[in-house]
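# Understanding the architecture of this molecule
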Amino acid sequence: MMPFEPINPPQFPTPIAPYSAGAKAGNTVYVSGVLALGEGGVVLHVGDAAAQTRHILDVIAITLEAAGATMADVAMNHIFLKDLNDYAAFNQVYAQYFPGDKPARYCIRADLVKPDCLVEIASVAHIG
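Each residue is numbered by its place in its chain's sequence as written, counting from 1. Only residues with pLDDT of 70 or above have their local features reported here, since the model is predicted, and side-chain atom pairs are shown and tallied only from 80 upward, although totals for entire chains, interfaces and linings are computed over all residues. With hydrogens and water set aside, each side-chain value is computed from the structure's full complement of heavy atoms.

The next point concerns the side chain of Thr 63. Helix numbering and strand numbering both begin at the N terminus, where a helix is a DSSP run of H or I of at least 4 residues and a strand a DSSP run of E of at least 2. For Thr 63, the position within the fold is in helix α1 (residues 49-66). By relative accessible area, which is 0% here, Thr 63 ends up buried. A polar side-chain atom of Thr 63 sits 2.9 Å from the main-chain carbonyl oxygen of Val 59. Setting aside chain neighbours within four positions, we find Thr 63 in contact with Ile 7, Pro 9, Phe 12, Ala 21, Gly 22 and Val 31. Exposure categories follow from relative accessible area, calculated using a 1.4 Å probe and restricted to protein chains: below 20% of the type maximum is buried, above 50% is exposed, and the middle band is partly exposed. Identification of polar contacts relies on pairs of N or O atoms within 3.5 Å, with a donor-acceptor requirement for protein atoms, meaning one able to donate a hydrogen and the other able to accept it, and with residues adjacent in sequence counted only if both atoms are side-chain atoms. We call two residues in contact when some of their heavy atoms are within 4.5 Å.

Only protein atoms enter the calculation, which uses a 1 Å grid: trapped sets of points that fit a 1.4 Å probe without letting it out are cavities, open sets showing protein on both sides within 12 Å along at least five of seven lines are pockets, and any residue with an atom within 4 Å of a point is a lining residue. Grid points are joined across faces, edges and corners, and a volume is the space filled by probe spheres set on the points. Counted as a void, the largest pocket has a volume near 440 Å³. In terms of lining, the largest pocket is formed by 22 residues, of which the most central are Phe 12, Pro 13, Tyr 19, Val 34 and Val 59. Going through the elements one at a time, β3 (28-34) and α1 are the ones with two or more residues in the lining of the largest pocket. By the convention adopted, Pro, Cys, Tyr, Trp, Phe, Met, Ile, Leu, Val and Ala count as nonpolar, Lys, Arg, Asp and Glu as charged, and the other residues, Gly among them, as polar. Along the lines of polarity and charge, the residues of the lining of the largest pocket split into twelve nonpolar, nine polar and one charged.

Before going further, it helps to spend a moment on the sheet that holds strand β2 (residues 22-25). The strand order across the open sheet built from six strands is β1-β2-β3-β6-β4-β5, with neighbouring strands paired in mixed fashion. The sheet is open, and its two edges are formed by β1 (5-7) and β5 (104-109), each paired on a single side. Neighbour-to-neighbour, the strand axes of this sheet turn through a mean angle of 15°, independent of strand direction. DSSP-based pairing: two strands are paired if at least 2 bridges between them are found. In this structure, β2 lies alongside β3, joined through four bridges in antiparallel fashion. Paired with Lys 24 across the two strands is Val 29, which belongs to β3. Its contacts with the sheet put α1 on β1, β2, β3, β4 (74-81) and β6 (119-126), and the angle it makes with β6 is roughly 30°. The convention used is that axes are lines fitted to C-alpha atoms, helices contributing only their stretch in contact, and that angles between N-to-C directions extend from 0 to 180 degrees.

This is the structure:
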């Protein structure tokens, strides 16, 4: 059985549910689904999918860094959009965070845990 190390950067707000921001098992880092949330679960950038995407990808980058990885190590992204009309705005920001080789991904429309959340992303990275 491979143990894992929970990754919880200290600058993050308290999670709204019982989970860690990420988990490192061997050379693999799993980043939990990230929403654009502030302290107390307040939704940030209401109505702005691009700004929510930017916030989310910044949080993912910080989580990866805490585990010894970078955005260049991301192999897979799981993307959830509340409204597929936000797909173009999402992709415009997303492309800035993955300028070189692109990780695998899927993108589905889904209701998210808070009605004002427009984007959620979970990532898997491999170090080395």
